[in-house]
Amino acid sequence: MRVPSDTEIRDLHAEHAPTREAFDLVHTHCTIVAGIAAQLLERRPAAADPDLVRAGSLLHDIGVYRLYDRSGRLDHERYVRHGVLGRDLLAEQGYPDVLGRFCSCHTGMGITRQDIREQALPIPPGDYVAESPEEELVMFADKFHSKAGPPVLVSPDTIATRLRRFGADKELRFKALLAKYGEPDLHPFHEAHGHAVV
Ligand SMILES: [Fe+2]
């Protein structure tokens, strides 16, 4: 499979972002996630293709642009849809589902059919869970940066606390991945972007 370049992905963001602000928010987040994933992979080599991890990181939130209305406001209530919207967007652009799955399977620690039913989530029934090593790493790395409010870098303790609200199993899954990949050094991202660590 041809893995799209950083420039191609950046152009795709620029094409779909409704405003410059939205582009800055989402594209910066995606580059930080790519940086965190690369750092984790460098420190603890895993069975993941680094180029695919980078492209997946850069693409995973592309669906967020479809949640902005004409006035540039983000639909927070239906935010959980950004994953499936991203997968659809990439399919429409002719990209393979290997890339689309980075969008649909990165939310939280993965969304199951049961989660959708129990929380009445506005997405089609199904299991949206990371399966490949690349999907797993992108999903994990994504948890260390948040676009909400002022963008922040998120420490493992805060991530665990936030995930607990969605069930003890989500927190356990995160801790298992933390043991597998290790804790990223968030300092370089703080230095580069000025985002606080919470
Ligand atoms: Fe993300």
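Each remark here, short or long, concerns the structure printed above.
Residues numbered from 1 in each chain as written. Predicted model: local features only at pLDDT ≥ 70, side-chain atom pairs only at ≥ 80, totals over all residues. Heavy atoms only, no water.

Student: I keep staring at the side chain of S146 and nothing clicks. Help me out?
Tutor: Positionally, S146 belongs in strand β1 (residues 145–146). Of note is the side chain of S146, whose polar atom sits 3.2 Å from the backbone nitrogen of A148. Here S146 is in contact with P151, V152, V154 and R162, once residues within four sequence places are set aside. (Helix = DSSP H or I, 4+ residues; strand = E, 2+ residues; numbered from the N terminus. Polar contact = N/O pair within 3.5 Å; in protein donor to acceptor, adjacent residues only side chain to side chain. Contact = heavy atoms within 4.5 Å.)

Student: Explain helix α5 (residues 97–104) to me, please; I cannot follow it from the model alone.
Tutor: Along an α-helix, a turn takes 3.6 residues, which lines up residues three or four apart on a common side. α5 sits mainly inside the fold: 6 of its 8 residues count as buried. In this structure, the buried side of α5 is in contact with α3 (50–59), α4 (82–92) and α7 (133–142). (Buried < 20%, exposed > 50% of the residue type's maximum accessible area, 1.4 Å probe, protein only.)

Student: Is there a simple way to explain the state of the cysteines in this structure?
Tutor: Covalent bonding between the sulfur atoms of two cysteines defines a disulfide. This structure, assessed with the given rule, holds 0 disulfides. Free of any disulfide, C103 has its nearest neighbouring cysteine sulfur in C30, separated by 8.6 Å. Judged by its relative accessible area of 0%, C103 falls in the buried class. With no disulfide of its own, C105 has C103 as its nearest cysteine by sulfur position, at a separation of 9.3 Å. (Disulfide = S-S within 2.5 Å.)

Student: Would you take a moment to explain the coordination of the iron ion for this structure?
Tutor: Expected angles at a metal are 109.5 degrees for tetrahedral coordination by four donors and either 90 or 180 degrees for octahedral coordination by six donors. Within the protein, the atoms that donate to the iron ion are H29 (NE2), H60 (NE2), D61 (OD) and D142 (OD), at distances of 2.1 to 2.4 Å. The site at the iron ion holds 4 donor atoms, and with the angles between them running 83 to 166 degrees, its shape is irregular. (Donors = N, O, S within 2.8 Å, 3.2 Å for Na, K, Ca; no water. Tetrahedral: all angles 85-135°; square planar, octahedral: opposite > 155°, others 65-115°.)

Student: What's the story with the packing of aromatic side chains in this structure? I'm lost.
Tutor: Any pair of aromatic rings gets described here by the distance separating the centres and the angle formed by the planes. Using the criterion set out here, one finds 4 aromatic pairs in the structure. Pairing F140 with F144 gives two aromatic rings, centres 5.1 Å apart and planes at 80 degrees, and the pair type is edge-to-face. Both residues of the pair, F140 and F144, belong to the buried class. On the numbers, 6.0 Å between centres and 50 degrees between planes, the contact of F144 with F174 is tilted. Of this pair, F144 sits in the loop between α7 and β1 while F174 sits in helix α9 (residues 168–181); the two residues are 30 residues apart in sequence, bridging distant segments of the chain. (Phe/Tyr/Trp six-rings, centres within 6.5 Å; stacked < 30°, edge-to-face > 60°.)

Student: Can you walk me through the environment of V152 in this structure?
Tutor: Take V152: it is sitting in strand β2 (residues 152–153). Distance from V152 to H16, taken between C-alpha atoms, is 24 Å for residues 136 residues apart in sequence. Residues in contact with V152, not counting those within four places in the same chain, are F144, H145, S146, H195, A196 and V198.

Spatial relationships are all this shows, so hold off on functional conclusions.
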